[in-house]
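This is what each chain is made of:
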Amino acid sequence: MKLPVIKHLTNFIQENDEDYVLETIETLEALTEVPSLKDEELDVIGELISNMYGAIEVHKAVKSGVSQKEALNGFMQRVMGSIDK
C-alpha cells in the first residue's frame, strides 16, 4: 500500500463520491478473472484494489470526525501491525 495514493484517493472520494471507487474496485476484481493475465499484472491490480479499500477506510474515519492525517496514520499503523504478525 502506498500512503500518497491512498491520500489522493481519499481526496478524490471527498470531492466526488465513494461510489466511483467502489465501482472501480468491482471492475478491477472482475478483471482478475481473465485467465491470460500474468502474475505481475495481477500484482498491480491487487495493489490498486488494496489502495482503494484503504482510501475507503480512511474516508470513513474522516467522516466520523477524525482528521485526515490521523486517519491516514492510524490506517497505516494497522496495516503495518498486521504485516508484523
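Use the structure listed above.
From a predicted model like this one, the values you see are computed outputs, not experimental measurements.

## Structural notes on the packing of aromatic side chains
Following the criterion strictly, the structure yields one aromatic pair and no others. Note on Phe 12 and Tyr 20: the rings are 6.1 Å apart at their centroids and 70° apart in plane angle, and the pair reads as edge-to-face. With relative accessibility at 31%, the residue Phe 12 sits in the partly exposed group. On the accessibility criterion, Tyr 20 (48% relative accessible area) is partly exposed.

## Structural notes on the packing of helix H1 (residues 3-15) against helix H3 (residues 39-63)
Axis separation between H1 and H3 bottoms out at 8 Å; the angle between their running directions is 55°. With respect to each other, H1 and H3 are oriented oblique. Once H1 is placed against H3, the crossing between them reads as right-handed. Residue-level inspection shows Val 5, Ile 6, Leu 9, Thr 10, Ile 13 and Gln 14 of H1 in contact with H3, the latter providing Asn 51, Met 52, Gly 54, Ala 55, Ile 56, Val 58, His 59 and Val 62.

## A short note on the nonpolar core
Core analysis: the biggest nonpolar cluster contains 17 residues, and Ile 6, Val 21, Ile 25, Met 52, Val 58 and Phe 75 have the highest contact counts within it. Elements with a minimum of two residues in this core: H1, helix H2 (18-31), H3 and helix H4 (68-84). When residues in this core are grouped by element, the largest group, six residues, is from H3.

Parameters and conventions
Residues numbered from 1 in each chain as written. Predicted model: local features only at pLDDT ≥ 70, side-chain atom pairs only at ≥ 80, totals over all residues. Heavy atoms only, no water. Phe/Tyr/Trp six-rings, centres within 6.5 Å; stacked < 30°, edge-to-face > 60°. Buried < 20%, exposed > 50% of the residue type's maximum accessible area, 1.4 Å probe, protein only. Axes fitted to C-alpha atoms, helices over the stretch in contact; angles between N-to-C directions. Helix = DSSP H or I, 4+ residues; strand = E, 2+ residues; numbered from the N terminus. Parallel < 35°, antiparallel > 145°, perpendicular 65-115°, else oblique. Left-handed = near helix turned anticlockwise from the far one by under 90°. Contact = heavy atoms within 4.5 Å. Core = buried A, V, L, I, M, F, W, Y, C linked by side-chain atoms within 4.5 Å.

Take it as geometry only, folks, not as evidence of what the structure does.
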